[in-house]
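Chain by chain, the residues run as shown.
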Amino acid sequence: MSKTNNFVFTVLKIVSWLIFVGLCIEAGGLIVNFIFSLYKPEFVHNLYQKLDLSEIYNKSKWAFFGMYSFILFISILKAYLFYVVIKLVTKINLLKPFNNFVAQQIMQISYSTFLIGIISYVARQTAKNLQHHGYVVDNLNQFWEDSQAFILMAAVIYIIATIFKKGVEIQTENDLTV
Amino acid sequence: MPIIVNLDVMMAKRKISLNELSEKVDLTLSNLSILKTGKAKAIRFSTLEAICKALNCQPADILEYRDEN
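Residues numbered from 1 in each chain as written. Chains lettered and ligands numbered in written order. Predicted model: local features only at pLDDT ≥ 70, side-chain atom pairs only at ≥ 80, totals over all residues. Heavy atoms only, no water.

Kindly report on unusual backbone geometry, identifying the contributing residues and their values.
Residue and element names in this part refer to chain B. Despite not being glycine, D26 shows a phi value in the positive range, around 60°. For D26, a relative accessible area of 70% translates into the label exposed. For N56, which is not glycine, the phi dihedral falls at a positive 50°. The topology assignment puts N56 in the loop between helix 4 (45–55) and helix 5 (59–62). (Buried < 20%, exposed > 50% of the residue type's maximum accessible area, 1.4 Å probe, protein only. Helix = DSSP H or I, 4+ residues; strand = E, 2+ residues; numbered from the N terminus.)

Rendered as structure tokens:
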């Protein structure tokens, strides 16, 4: 393995950890806000990152909790996605990368990415629908504006995972060839 | 697997141990063990040639096809 590759890999590990910690903080903040909003509705106008959903809450509690559930689910899934990425970059052996563990992790990344994309898309369509009924949802678009990118990424990662699985098969056969 | 490896039978007939055979055919003990225990997925012709030469036998003496049904 060249020194450049090792350096790039180390940078990748550090960046993954930073993003994971950031996503965990975001997901944690959103969960705490969600619990608070159940018992103290006055907090709804000043949620995580100064998000103000008081208008939606006052108009319809179901709409508020529905949209907030989407936000929560997406943020938790993103944190889980990076957890899997960290597991992969920590345990992968670049000298012998073709094994079942790595193949499984890549497949898991693909499924998580697809789930994020689909839920983001559904949330975006739901928000559009609510907008038609007079709800102000512009401040929520930041949570699902990249849904198509996630779906595209999921497709690409799935193809990579399939090729990797084939690589594992070939590696195993090669290992058992005398 | 339908292909049965009768290496242990030939080794017993020729009275040769696994260590001796591995030295003669230039194959590691672990690889030879993989072959002997039937876990191998494939065998190179060069390996088959070396084993037949070391055991003074034919490929048919080492490899047998048995229909699973």
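So what about the packing of helix 2 (residues 18–25) of chain B against helix 4 of chain B? Which residues, and what values?
Residue and element names in this part refer to chain B. Helix 4 packs onto helix 2 with a crossing angle of 120° between their chain directions and a minimal axis gap of 9 Å. What the angle tells us is that helix 2 and helix 4 run oblique. The way helix 2 lies across helix 4 gives a crossing that is right-handed. Only A50, I51, A54 and L55 of helix 4 make contact with helix 2, whose side of the interface consists of L21, K24 and V25. (Axes fitted to C-alpha atoms, helices over the stretch in contact; angles between N-to-C directions. Parallel < 35°, antiparallel > 145°, perpendicular 65-115°, else oblique. Left-handed = near helix turned anticlockwise from the far one by under 90°. Contact = heavy atoms within 4.5 Å.)

Residues and numbers for the nonpolar core, please.
Grouped together as the largest cluster of nonpolar side chains are 44 residues, with contacts concentrated most on L53(A), I56(A), F64(A), Y68(A), L140(A) and W144(A). Breaking this core down by element, the ones donating at least two residues are helix 1 (3–39), helix 2 (54–59), helix 3 (61–91), helix 4 (100–132) and helix 5 (147–175) of chain A. If you tally residues by element for this core, the top one is helix 3 of chain A, at 14 residues. Discounting chain neighbours no more than four positions away, the residues touching L53(A) are V44(A), L47(A), F64(A), Y68(A), N139(A) and L140(A). Of all hydrophobic cores here, the second largest spans 19 residues; its members include I16(B), V25(B), L48(B) and C52(B). (Core = buried A, V, L, I, M, F, W, Y, C linked by side-chain atoms within 4.5 Å.)

Tell me about the side chain of S147(A), and name the residues and values.
All names here are of chain A. Among the secondary structure elements, S147 is positioned in helix 5. Classification of S147 by relative accessible area gives buried; the value is 0%. Other than its neighbours up to four places away in sequence, S147 contacts G117, S120, Y121 and R124.

Hey, could you go over the packing of aromatic side chains for me, with residue numbers and the actual values?
Residue and element names in this part refer to chain A. Counting across every chain of the model gives eleven aromatic pairs over all chains. Residues Y57 and F64 carry aromatic rings whose centres are separated by 5.1 Å and whose planes lie at 85° to one another, so their mutual orientation is edge-to-face. The pair Y57 / F64 is uniform in exposure class, with both members buried. Between F143 and W144, the ring centres sit 6.4 Å apart and the planes meet at 50°, which makes this aromatic pair tilted. Of the residues examined, F143 reaches a relative accessible area of 10% and is grouped as buried. Judged by its relative accessible area of 0%, W144 is buried. Cluster of aromatic residues (ring-pair linked, three or more members): F34, Y57, F64, F65 and Y68. The ring of Y135 has K59 lying over it, and the distance from NZ or CZ to the ring centre is 5.0 Å. (Phe/Tyr/Trp six-rings, centres within 6.5 Å; stacked < 30°, edge-to-face > 60°. Lys NZ or Arg CZ within 6 Å of the ring centre and 35° of its normal.)

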